[in-house]
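# Working through the structure, step by step
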Amino acid sequence: MSQHSDAEKEKPRGSFGYSDIYLYKFMLSYLRPHVKELFKIFIYMIISAIATSAGPIILMVTITRFGNENSNEIFGIYTLDKLILDVSRMINTNIPSLNQTWSEIIVISFLYLLLLLVILYTSRKFMILVAEVGLKAEVQMRMDMFAHLQELDMSYHDKNEVGRIMSRLTSDIGAVRELLGGQVMTNISNILTVIFVIIIIIQMDFVLSIISIILIPLVIYTAHVFRKIARPKWKETRRTNSIMMANIGEAISGIKVTKGLNREQTNIAIFQKLNKDNFEATLNAEDINAVFFPLLLFSSTLGTVFIIIFGSLRVIDGIITVAALIAFLNYNGILFRPVINLGQFYQQLQDALTGAERVCALLDTKTKIPWNDHFPTLPHIKGDVVFDKLYFEYIKNTPVYSKFSLFVPNGKMIALVGKTGAGKTTIINILSRLYDFQEGDLKIDGTSIKGVSLQSYKSQIATVPQDFFLFSFSIRQNLKLGNPRASDEEMWKVLDLVGLKEFIEDLDKGLDTPVQERGGRLSVGQRQLLVFAAVLLANPRILILDEATSSIDVFSELKVQKAIKHLLSNRTSFVIAHRLSTIKDADTIVVIDQGDIVEQGTHQELLTIKGHYYNLVKNQIELSEIES
Amino acid sequence: MKLLIPYVKKYKTLFFYLNITTLLAALSQLSIPLIINYIIDDLIVDRDKKLIYIFSFILLFLGLMDLLMNIVQRYVSIRFSNKIIYDIRQDVFTILQHQDLEYYSSETVGQIMARSIYEITSLRDILTWAYRITFLTVFLFIGSIISMFIISPLLSMGFLVIPPILYIYITRSSESNSKMFYNARYKFGELNDALAENLAGIKTVKAFAAEHEQIAFFTQKNNDYYYASMKTAKVRANMQPVIVFIISISLFALVFLGGYLITIKEITIGNFISFMLLSLQIAIPGRFLGWIGIIVQESNSAAIRLNEIFHAPIHINEADKPKNITNISGKITYKDVSFGYPKNNHTLHSVNLEIPAGQKVALLGETGSGKSTLINLIPRFFDPDQGSILIDDINTKQFSLSSLRSHIGIVHQEAFLFTLSIFENIAFGIPNASKEDVIAAAKAAQIHDFIMTLEKEYDTIVGERGVTLSGGQRQRVTIARTLLLNPKILIFDDSVSAVDPETESKIQEALEQASFKRTTLVISQRPSSLRYVDRIIVLNKGRIVQDGKHDTLIKEVGIYRDFINAINSQIKFMDWDESLTLEEKK
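The following refers to the structure shown. Predicted model only: the values in this text are computed from it and were never measured. (Residues numbered from 1 in each chain as written. Chains lettered and ligands numbered in written order. Predicted model: local features only at pLDDT ≥ 70, side-chain atom pairs only at ≥ 80, totals over all residues. Heavy atoms only, no water.)

## Side note on the overall build of chain B
In plain terms, the rule: Note on conventions: DSSP H or I runs of at least 4 residues are helices, E runs of at least 2 residues are strands, and numbering of each starts at the N terminus. When accessible area is computed with a 1.4 Å probe and restricted to protein chains, residues below 20% of their type maximum are described as buried, those above 50% as exposed, and intermediate ones as partly exposed. Contact definition: two residues touch when any of their heavy atoms are within 4.5 Å. Accessibility throughout is a Shrake-Rupley quantity obtained with a 1.4 Å probe, and a residue counts as covered only by protein chains that appear here.
When helices and strands are tallied, chain B shows 21 helices and 10 strands. When burial is assessed residue by residue, chain B has 57% of its 586 residues classed as buried. In chain B, of all internal contacts separated by at least 6 residues, the share reaching a separation of at least 24 is 77%. Accessible surface, chain B: about 25,200 Å² in total, of which carbon and sulfur atoms supply 58%.

Structure representation (structure tokens):
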């Protein structure tokens, strides 16, 4: 079972050569379309911060009223006090039966309620807007990456595993989203709140505020240190986890082998070890939190205790009022949460930068075969194909072809023949523009392929690859791969041509049957026929069949041969097949060996010269003989 | 949640400590405001500064106690929850390993993965913190309320109106909320599926120039995800500020009422402040209560899905006293065997067949004629619905599964290799096999020479995450894997269907050698497989229609002759005879 992790192959941060400034700019560029929302967020942020920090003052004033004490001189509070007094006197003159204190308190409660409603409204709006902006940035970034992935040529996809690419579009984008859609805004709002609160408490009583002012950086620093210690441990947890997951995946897909070989117990033992590794790594990481969070709670308690002790002393000495002491306690509570968040911000920033860096690296990977949508479109072609001294290599300096030339007149059928690894598929990959050639030229109807828009060329050429792939959605949608605008009638027509019509008509859901659903599950041969049908819908001028019939059994092959005849008529076609009977009728058979055309001619011609082709045929016929 | 009960029982000591430490943490947390009550009254009301040092010391001590209890409590909780998660995982994996193939044919890999991974993960939340926080909150709540009542019953009455409102608000919204959160996760899953499929089929996409359609499709999924997530963001935005609002209102009610009670000298300032601190203490974990509602909902649905794994019916049962039969000769008998996959029509109709030990049999027939089913019954991957299968005249159901399967070597159609070294892959069935044995098996499978050309030879990691081997090479590794077992019965399930002629002849050679002195069943569409068999059995629609040697079958009108004719017509197609005659003419 897999005991290896994809994550181990990840490049560390900084190895892509982007500066932090560049990455910040990159991330912020996804916020640019939302300037209006950002402005609103900023406004809500300020209002909410002010309202939050003003709450305890109002509570203080209330207590002052009850205690009939005079409040300390804090900025604005006299005005507030005066305002409250004025309004309450006004009420009093109108309703004389009301006690002066009570009318004051009613005014204050009204004010407080108003404040709470403002906080409720603004923070709700703030949260929704922030989430919206973040999600929009995430969705856009993912879309950009997806579109880019579609344009990237096969040389990229060959080198990068699906799992790795997937984590670019999920967890890496996720890290950026968390920063843009939450952490940045929340932390700015946190900073604002902290600043407002500090200003207020300094005004209330400088000496007492020192307690908070000392505690804040301490808490921020502790949070930062802990996060730093915890990070590698969490990474280890994730690593062991991904190994375990991969193991489960393989255990499930290889269950038949496991059962056949009585291997269950060993598998369970291996899994137990991986499970244990993950268990231990998780404990390691979580134990840090077990110390960290209580420590934070403790520091908050410590703050409360110090404020009570020193505050009480100052109340006795008559420097502050009891109401102010209570307000201090409230502020201590308000400061606590934002301060912890601030302490973790730095590492969150690092995570986002790491994510952004990988996203950037993907987006900056240049495709060798750009879509060139702005190039002239290739007009409707006849299908003359010219390979003109092509040079091609997968790996640097190991050419597969150094000077490949071939002329194929339109409407002809070309068969490519040769041993495994001779380079047949490479020719086809070049022709279907999955890989780019390095030198030479490929001309269709005399037009160089690099000078036209890719889409206009590809819509006139179709490939049935060796490892054909059907999407898990319905038969109809798979057919639409060939022609998105095909009508049901056209679909039934091509299904009839390939001999699938009756089978699909008998399915309960007909064309809407998902191709992988049990009951409606298609056999290998039927899947292949479905691909043929999609190709017929595409009606390309140039057709490529790469080992298209190799997985079809002998019984079905005769049926398929008919479908293939339909496929091949009226277009230029390139066929690779192990079963040489498929290619016998080719107009030209091209035998390729070690990057060169070694023989070229019709079936009869090539048999007569008794070269490579003769030997291939002989070999195959020997295999077909039952008595040897 | 019944699912968790046996696990909790298993770790009842830890569970006990968890509850005790939570209780102690709650107590120490509660005691601080009460002490503060005295400090303030003594200091402020009595204006007695001398006591301050004593109280500072007590407070500091309580604070440290609180710190300690909190750390211990979390420490215990981490162990408790992770041990349970570990156990559940292990149990799920064990069950999955022992589950029969019928289960795997009714569930997709994705679904099984989702159950064994994500469902357990969502149970994790409830174990790691939801339980602890709930328990702590309940303790704090009860403790605070008692303390509050002791301080001032009147004030408590006024204050206690708030929690029920909070409770109603949270429970009212949590059910529909959990659906939303589930929906958002589901949409994210769909997005992932679309992405994975696109990347896996990127070649097809490019071959059909379907990139733009794929982008449109993905945009749809991406947008679905956006809208589903926005809904949860709105839930969050409604939930958190409202809870803060409720808490603030209750705080204000407290100040309002408390202030009044102070003026009428019903309570002291110390009472009031400790009252306020107590209420703040409930408020902090109270914020989480909303989430806990959601988590409980999620865990419930996760537990239900996990239970489906735990209670999936097992179709392949061992006999009460299974026999460990170590030596067999390899005779196979089918007695009136019928079989139908669930939901499908019968794939086998009362098949009777006897294969003497050491005979080599080829099974022939169209896709779906029942060939694979026939061989899958031998190692009891499935049990027949009717009839029985005997090996050496002993019903396979009397064998212990492991002894039965140890006699049977299967080379599957798809050459599945694990992400392990080649050595470990070959030794997959016998993990403690010696190097010599592994090499001998590799040589017999004609893959040794190739392995030696690799940089790390037998230590080369292959499989999904390792070095890519060609189809033929993979197939030969799986043949070596099977040969290492030295089985008496050998089954080749269409092992050469998708390889080129050159590779085919190599594999064929390996198979031929492997079948020496073994009862061998071969499913194949290739004539090359028919060469070394003693007997050919032709299946059609779940029935044996022809049975015999090539020489006799070729004379009968039937599928076999059609098959041979099809092959011969292919050869004719090649004009081989003509070219030979051409040659002779020269």
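## Description of the nonpolar core
Where we set the bar: Among buried residues, the Ala, Val, Leu, Ile, Met, Phe, Trp, Tyr and Cys ones that are joined through side-chain atoms within 4.5 Å form a nonpolar core.
By size, the foremost hydrophobic cluster in this structure holds 89 residues, and its most contacted members are A:Met204, A:Tyr331, B:Ile36, B:Leu59, B:Phe272 and B:Ile273. Looking at this core, the element that brings in the most residues is helix H10 (residues 322–364) of chain A, giving 13 residues.

## With respect to helix H6 (residues 162–204) of chain A
Defined as follows: Here the expected span of a helix is defined as 1.5 Å times the quantity of residues minus one. What the bend at a residue measures is the angle between two axes, fitted to the seven residues ending there and to the seven starting there.
Here H6(A) spans 60 Å end to end across 43 residues, near enough to the 63 Å set by a 1.5 Å rise per residue. The largest bend along H6(A) reaches roughly 40° and is located at A:Leu179.

## Topic: the interface of chain B and chain A
Accessible area lost upon the coming together of the parts serves often as the stated size of an interface. Defined as follows: The quantity reported as buried area is the accessible area (1.4 Å probe) lost by two parts once they are put together, taken as the sum for both. By convention in these notes, a salt bridge is any Lys or Arg side-chain nitrogen within 4 Å of a carboxyl oxygen on Asp or Glu. Definition of a polar contact: a pair of N or O atoms within 3.5 Å, with one able to donate and the other able to accept a hydrogen when the atoms are protein atoms, and with sequence-neighbouring residues admitted only if both atoms are side-chain atoms. The nonpolar class holds Ala, Val, Leu, Ile, Met, Phe, Trp, Tyr, Cys and Pro. Asp, Glu, Lys and Arg form the charged class, and all remaining residues, Gly among them, are polar.
Each partner contributes residues to the interface: chain B has 160 residues there, and chain A has 160 residues. Carbon and sulfur atoms supply 70% of the area buried between chain B and chain A, which totals about 15,200 Å² over both sides. Our count for the chain B to chain A interface comes out at two salt bridges. The salt bridge involving B:Arg79 is made with A:Asp287; its shortest N-O contact spans 2.7 Å. Linking chain B to chain A there are 13 residue pairs in polar contact (both at pLDDT 80 or more). Of the residues assigned to the side of chain B that touches chain A, the class counts are 86 nonpolar, 42 polar and 32 charged.

## Focus on the packing of aromatic side chains
What counts, and what does not: Only Phe, Tyr and Trp rings are paired, with Trp represented by its six-membered ring, and only when their centres lie within 6.5 Å; those with planes under 30 degrees apart are stacked, over 60 edge-to-face, the remainder tilted. Two thresholds decide whether a charge sits over a ring: the Lys NZ or Arg CZ must be within 6 Å of the ring centre and within 35 degrees of the ring normal.
Inspection of every chain in the model, using the stated rule, returns 21 aromatic pairs over all chains. Between the aromatic rings of A:Phe292 and A:Phe293, the centroid separation amounts to 5.0 Å while the plane-to-plane angle is 55°, which identifies the pairing as tilted. For A:Phe292, a relative accessible area of 2% gives the class buried. Put simply, the rings of B:Phe15, B:Phe80, B:Tyr131, B:Phe135 and B:Phe139 pair up and form one aromatic cluster. The aromatic ring of B:Tyr75 is capped on one face by B:Arg79, whose charged end is 3.6 Å from the ring centroid.

## Quick look at the sheet that holds strand S9 (residues 535–540) of chain B
Residues and elements named next belong to chain B. Stated precisely, the cut-off is as follows: Pairing between strands requires that DSSP locate at least two bridges from one strand to the other. Geometry is summarised by axes, namely lines fitted to C-alpha atoms with helices restricted to the contacting stretch, and by angles between N-to-C directions that run from 0 to 180 degrees.
The six strands are arranged S6-S7-S8-S3-S9-S10 in an open sheet whose pairing can be described as mixed. The strands lining the two open edges of the sheet, one partner per strand, are strand S6 (408–411) and strand S10 (543–548). Averaged over neighbouring strand pairs, the angle between their axes works out to 20° when direction is ignored. Relative to S10, S9 runs antiparallel, the two sharing five bridges. What sits directly across from Ile537, in S10, is Asp547. Along the sheet, helix H16 (residues 471–484) contacts S6 and strand S7 (489–493); its crossing angle with S6, the most-contacted strand, is approximately 180°.

## Some points on a nonpolar patch on the surface
Residues and elements named next belong to chain A. Counted only if it meets this: In this scheme, patches are assembled from residues that exceed 30% relative accessible area and form no salt bridge. Like charges are connected within 9 Å, while nonpolar side chains (Val, Leu, Ile, Met, Phe, Trp, Tyr) are connected within 5 Å.
A cluster of nonpolar side chains, contributed by Ile202, Phe206, Val207, Ile210, Ile213, Ile214 and Leu218, occupies part of the molecular surface with about 580 Å² of accessible area. Per-element tally for the nonpolar patch: the top contributor is helix H7 (residues 206–253), with six residues. Counting through the fold element by element, Ile214 comes out in helix H7. Given a relative accessible area of 51%, Ile214 falls into the exposed group.

## Description of the pairing of strand S3 (residues 413–417) of chain A
A regular strand carries its side chains on alternate faces of the sheet. Residues and elements named next belong to chain A. Most of S3 sits inside the fold, with five of its five residues counted as buried. Going residue by residue along S3, you find Met413, Ala415 and Val417 tucked away on one face and Ile414 and Leu416 tucked away on the opposite face as well. For S3 and strand S8 (residues 572–576), the ladder comprises four bridges, and the chain directions are parallel. Residue pairing in the sheet places Leu416 in a bridge with Ile576 of S8. Here four bridges tie S3 to strand S9 (residues 588–593), and the two strands are oriented parallel to one another. Bridged to Val417 within S9 is Val591.

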